[in-house]
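For reference, the chains in residue letters:
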Amino acid sequence: MFRTALRNVLAHKARLLMTILAVMLGVAFVSGTLVFTDTLGNAFRNQSAKSYDDIAVAVTTYADQQDEKSRAIDAATLKKIQALDGVATATGRVDGFAGVADPDGKLIGNGWSNTGSNFAPGKDGEDAAYTFTDGSGPTEAGSIALDRDTAKKGEYTVGDTVRVATNGPVKEYTLSGVFTTEDGAVNAGGSLVLFDTPVAQKLFLRPGEFEDVSVTAEPGTSDRQLLAAVKPLLPEDAEATTGRARADEQAEEIEHSLSSLNKLLLGFAGVALFVGVFLIANTFTMLVAQRTKELALLRAVGASRRQIKRSVLLEAAVVGLIASVIGFAVGLGLATALRSAMSLIGGKIPAGPLVIAPTTVVAAFAVGVLITVLAAWLPARRAAKIPPVAAMNSAHAVATVKSLVLRNTIGGVITLLGAAAIFGGAAKAGSSGQLLVAAGTFLALIGVIVLIPLLSRPVIALVRPLLRRLFGVSGKLAAQNAVRNPRRTGATASALAIGLTLVTGISVLGVTLGQAVDKMTTDNIRADYMVSMASGDALDESALTALEKADGVTAVSPQQDVRLTIGGKDVSASGVTPGDVQKVLTVDTVSGSMDSLGDGGIAVAEKTAKSRGWKPGDTVSVTYGDKKKGRLKVGALYKDNEFLSPVLIPRATTAPHEGRADIREIWVKTDGGASAANEQALVDALGDNPGMSIMDRQDIRDMFGGSVNLVMNIMYGLLAMALVIAVLGVVNTLAMSVFERQQEIGMLRAIGLDRRKVKRMIRLEAVVISLFGAVIGIGLGMFLGWAIGRTVADGIPQYVLVVPWGRIAVFLLLAGVVGVLAALWPARSAAKLNMLTAIKTE
């Protein structure tokens, strides 16, 4: 039976080609994901370990320039550490945002990975963390050094003047040197600027203080000995660990950050493999049906049912093994391509080999072989049931009434359970509702897949008159062929339905959320511009002062984060400019007057006021960030707004109690609205600062809506694999159906159906099956999009369900195109059949 199985694989290699391709794509996705994430993790872990190779003790504080009470490492403490026995060096570091302008004045990098730090030379004048390829480190206030990639992008050489933006006004420095580094921010596509230590301390923390300290040991001194000696010298909230422990911590962080990517990619690989199950099952079902006489003869000459079943499963295992070998090789290429693609988009990966872990190899081959064998189990079970007497005729086995009734009953029950869970989750909302919807989605998909053969006849019957009217005999035969074997049609359509269910659900949800976010933005923002730091850090107060004096500006108000405790409870508050805040943001007054802000009062969001029992005229006890107490009067209540904090307070009231103002964005209204001239006036007022972002209303809408579109596009890209496998399923079904119907096609040719009409018949059959799967998938996807949307609707005030009819029409059109393309090879094969040879075929 083993030889028989191998012979059958070789005999039907053309018919098994699509199955091999489907499994290969799934295995490639899995192995490529695992190899890529392992390679990425290994490279960053090695880089992290390398940066701590010589570090015996690493000290970290949580010092913050915004918080004057936060403790840092002062110069005296650093000297004490340096004086400890066994200490070779102790280097203090500070860092923060520093952005470099390119020749066009634009920021080099992406904001969040633009970093500045201090150059800390040792006794030899070198800083061990950096290797200079040109010039030397900055040792005076007016000089800086740049990493090599940033210098290259900005076309800077030693001696050039470089404009550098920090959280304050942009300044010019002389470039003293260019260096290479393994810094993670630089590897992420950002930039690194080195300043003289006193300059860096003033920019990023406080004069004479450091955030972190790296300690190296003299020969013969253990890391733990040094750690024990350093700890007593540190402030209370400082943390100290050995360099090895810190490297291990970073390795764990890298592992955790990559695990999310790994799970996401493997999830979509799972969808692709799930779709591939239908193709595999369909292939082996058709092979078993076409070999009924052969299998019956084997039974007649003594083969047992177990041997027949084992033979079919062995064929599946061989197919799975072949596909796994090819898929694993393709996966390695995919991992290499992804690594190269990251470099092309600016994300540098540290050098390192491609990591092929034993678990990756086992997982890839296990997935390929097991999926194929499991998908072939039902066809193998049916093959084992073929009686020896079936060798006496050529009729293919058909499903019994009992089996169809049982299948439809089970499918109906599962579908109803899934629908009930989805409706329940939509009604419940929140995270628990989302879990219910997810469970219901799984059950509904399984139920629809089981029921899809039953649905094929009535759904396809709706288009049969149209096909007959438009395409005559070819259309009539195509419609009849599509429902001749409902199970086969259902299995083929299921693969496409699953992919389109997910795509449509994502589209409905994404477009709905995108429109809600867009409406929220346009309804709540009156300002023409929003100014913020590209890094997301706080703006310097000088930016607010500059904007207030800019030409054409009619109103300016910041959103300044303020620490307040009212009535013994912390509240989220914003320091604003009275009179201007209503001009730049929508503030719908419910009661009281917003003019009260000008008199030193506060305004409170309606929901917060209701929960606290406040009303206009009430006086509340307040504790400020500096722990001083006071009393403020509630002057107005306003409708909750996503762009406003629950409490608004005049900046003048909080100024005496705040250190450095924590201003995250500044809203600006200009005379005549957004225009090139007004934007340039803001740019000029801010000193053409490359580290600051100036966005008009459209930019703001794009920023909020762009994230939704980005997620949708990523989802589309990842689901493309499942749709490709679904297309292969249509091709495979049609090709094997043509082989199975050779005699029938020969008879049709003999009675007058020409080659052109044969091709049309096969193409229309493919289109009908594809559109049938698309209709089922789109319908289910719209339902799921509605249900998932209901679970998040409470958190999005502007939520209104939007059905993207244009995209759905495109999906249907693409399904039809898929059918036409999938039928090219089968239709050509059918048209080329010799009618006499085909008629003689059994």
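Residues numbered from 1 in each chain as written. Predicted model: local features only at pLDDT ≥ 70, side-chain atom pairs only at ≥ 80, totals over all residues. Heavy atoms only, no water.

Participant: Any details on the overall build of the chain? Residues and values, ideally.
Facilitator: From N to C terminus, the chain includes 26 helices and 24 strands. Each of the three principal axes of the chain carries a C-alpha extent, and together these read 100 × 75 × 50 Å. The buried share of the chain, reckoned over its 842 residues, is 51%. Of all intrachain contacts in the chain linking residues separated by at least 6 positions in sequence, the fraction that spans at least 24 positions is 82%. As presented, the chain carries roughly 38,200 Å² of accessible surface, and 59% of it is formed by carbon and sulfur atoms. (Helix = DSSP H or I, 4+ residues; strand = E, 2+ residues; numbered from the N terminus. Buried < 20%, exposed > 50% of the residue type's maximum accessible area, 1.4 Å probe, protein only. Contact = heavy atoms within 4.5 Å. Areas by Shrake-Rupley, 256 points an atom, 1.4 Å probe, with all protein chains shown as cover.)

Participant: Got a sec to walk through the nonpolar core? Specific residues and values, please.
Facilitator: If you look at the biggest cluster of nonpolar residues, it comprises 54 residues, and the most contacted ones within it are Val275, Ile460, Ile498, Ile725, Phe772, Ile776 and Leu780. Sorting the residues of this core by element identifies helix H2 (17–51), helix H8 (243–290), helix H13 (401–428), helix H14 (430–482), helix H15 (486–524), helix H21 (697–740), helix H23 (755–792) and helix H24 (805–822) as the ones contributing at least two each. Setting aside residues up to four positions removed in sequence, Ile460 forms contacts with Ala479, Ala482, Val483, Thr489, Val768 and Phe772. Counting residues in each nonpolar core, the second largest holds 39 residues, with Ala90, Val164, Leu234 and Ala240 among its members. (Core = buried A, V, L, I, M, F, W, Y, C linked by side-chain atoms within 4.5 Å.)

Participant: If you had to explain the sheet that holds strand E3 (residues 87–93) to someone new, which residues and values would you point to?
Facilitator: Here we have 4 strands laid out as an open sheet, ordered E3-E13-E1-E14, and antiparallel in their pairing. Each having just a single partner strand, E3 and strand E14 (239–242) make up the two edges of the open sheet. Put simply, the sheet's adjacent strands are angled 15° from each other on average, direction ignored. As defined by bridge partners, E3 adjoins strand E13 (residues 212–217) across 6 bridges and the pair is classed as antiparallel. Residue pairing in the sheet places Gly92 in a bridge with Val213 of E13. Strands E3 and E13 of the sheet are contacted by helix H3 (residues 75–82), whose axis makes an angle of about 160° with E3. Sheet strands touched by helix H7 (residues 223–230): strand E1 (57–60), E3, E13 and E14. Its angle to E1, the strand with the most contacts, is close to 30°. (Pairing = 2+ DSSP bridges. Axes fitted to C-alpha atoms, helices over the stretch in contact; angles between N-to-C directions.)

Participant: Lay out the pairing of strand E11 (residues 191–196) in plain terms, naming residues and giving numbers.
Facilitator: Within E11, 6 of the 6 residues are buried, which leaves it mostly tucked inside the rest of the structure. With 6 bridges connecting them, strand E6 (residues 114–119) and E11 associate as parallel partners. Residue pairing for E11: Thr115 is matched across the bridge by Leu192. As paired elements, strand E8 (residues 143–147) and E11 share 3 bridges and run antiparallel to each other. In the sheet register, Leu146 faces E11, and the bridge partner there is Val193.

Participant: Lay out the packing of aromatic side chains in plain terms, naming residues and giving numbers.
Facilitator: Following the criterion strictly, the structure yields 10 aromatic pairs and no others. Measuring from centroid to centroid gives 5.5 Å for Tyr173 and Phe195, while their planes differ by 75°, and the two rings are edge-to-face. Taken as a pair, Tyr173 in strand E10 (residues 171–180) and Phe195 in strand E11 lie far apart in primary sequence, 22 residues in all. Looking at Tyr173, the relative accessible area reads 7%, which means it is buried. Taken together, a centroid distance of 6.0 Å and an interplanar angle of 40° make the contact between Phe328 and Phe365 tilted. Linking Phe328 in helix H10 (residues 305–344) with Phe365 in helix H11 (residues 358–375), this pair joins segments that are 37 residues apart in sequence. The class for Phe328 is buried, based on a relative accessible area of 11%. (Phe/Tyr/Trp six-rings, centres within 6.5 Å; stacked < 30°, edge-to-face > 60°.)

Participant: Give a description of the pattern of salt bridges that names residues and reports values.
Facilitator: Enumeration according to the criterion identifies 8 salt bridges in this entry. In this structure, the salt-bridge partner of Asp523 is Lys519, at a minimum N-O distance of 2.8 Å. Residue Asp523 and its partner Lys519 are located together in helix H15, separated by 4 residues, close to a single helical turn. With a relative accessible area of 40%, Lys519 lands in the partly exposed category. (Salt bridge = Lys/Arg side-chain N within 4 Å of Asp/Glu carboxyl O.)

Participant: Any details on helix H6 (residues 197–204)? Residues and values, ideally.
Facilitator: Counting buried residues in H6 gives 6 out of 8 residues, a clear majority hidden from the surface. Along H6, the residues that are buried comprise Thr197, Val199, Ala200, Gln201, Leu203 and Phe204. Of the surrounding elements, those touching the buried residues of H6 are strand E4 (95–97), E6, E10, E11 and strand E12 (209–210).

Participant: Can you lay out H7 for me, pointing to particular residues and giving the numbers?
Facilitator: Of the positions making up H7, those classed as buried are Leu226, Leu227 and Val230. End-on, the buried residues of H7 take up no more than an arc of 105°, which puts them together on one face. Exposed and facing more than 90 degrees away from the buried side of H7 are Arg224, Gln225 and Ala228. (Arc of directions from axis to C-beta.)

Participant: I'd like a rundown of the packing of H23 against helix H25 (residues 824–831), residues and numbers included.
Facilitator: It is at 8 Å that the axes of H23 and H25 come closest, and there the two elements cross at 145°. Read as a crossing pair, H23 and H25 show a hand that is right-handed. Note on element contacts: H25 touches H23 through Pro826, Ala827, Arg828, Ala830 and Ala831, opposite Arg755, Val758, Lys759, Ile762 and Arg763. (Left-handed = near helix turned anticlockwise from the far one by under 90°.)

Participant: I'd like to hear about a positive patch on the surface, residue by residue, with values.
Facilitator: On the surface, a cluster of positive charge is contributed by Lys69, Arg563, Lys627 and Lys629. Looking at Lys69, the relative accessible area reads 61%, which means it is exposed. (Patch = residues over 30% accessible without salt bridge, like charges linked within 9 Å, V, L, I, M, F, W, Y side chains within 5 Å. Lys, Arg positive; Asp, Glu negative; His and termini not counted. Charge placed at Lys NZ, Arg CZ, Asp CG, Glu CD.)

Participant: With reference to specific residues and values, describe the side chain of Asp618.
Facilitator: Relative to the assigned elements, Asp618 resides in the loop between helix H18 (606–612) and strand E20 (619–624). Here Lys615 takes part through its backbone nitrogen, which lies 2.9 Å from a polar atom of the side chain of Asp618. Beyond its immediate stretch of four places on either side in the chain, Asp618 contacts Gly613, Leu632, Lys633 and Val634. (Polar contact = N/O pair within 3.5 Å; in protein donor to acceptor, adjacent residues only side chain to side chain.)

Participant: I'd like a rundown of the environment of Val581, residues and numbers included.
Facilitator: By the secondary structure assignment, Val581 is in helix H17 (residues 581–584). Here Val581 falls in the buried class, since its relative accessible area comes to 1%. In this structure, Val581 is in contact with Ser557, Val576, Val587, Met594, Leu597 and Leu644, ignoring residues within four places of it in sequence.

Participant: For the confidence of the model for the chain, give the residues involved together with the corresponding values.
Facilitator: The predicted model of the chain averages 83 in pLDDT, with 92% of residues at 70 or higher. At the low end of the mean pLDDT range in the chain sits helix H1 (residues 2–11), at 60; at the high end sits E8, at 95. (pLDDT = per-residue confidence, 0-100.)

Participant: I'd like a description of the packing of H14 against H23, backed by residues and values.
Facilitator: The relative placement of two packed helices comes down to the angle between their axes together with the axis-to-axis distance. Taken N-terminus to C-terminus, the directions of H14 and H23 make an angle of 155°; their axes are 7 Å apart at the nearest point. As the angle between them shows, H14 and H23 are arranged roughly antiparallel. The two elements H14 and H23 cross, and the hand of that crossing is right-handed. (Parallel < 35°, antiparallel > 145°, perpendicular 65-115°, else oblique.)

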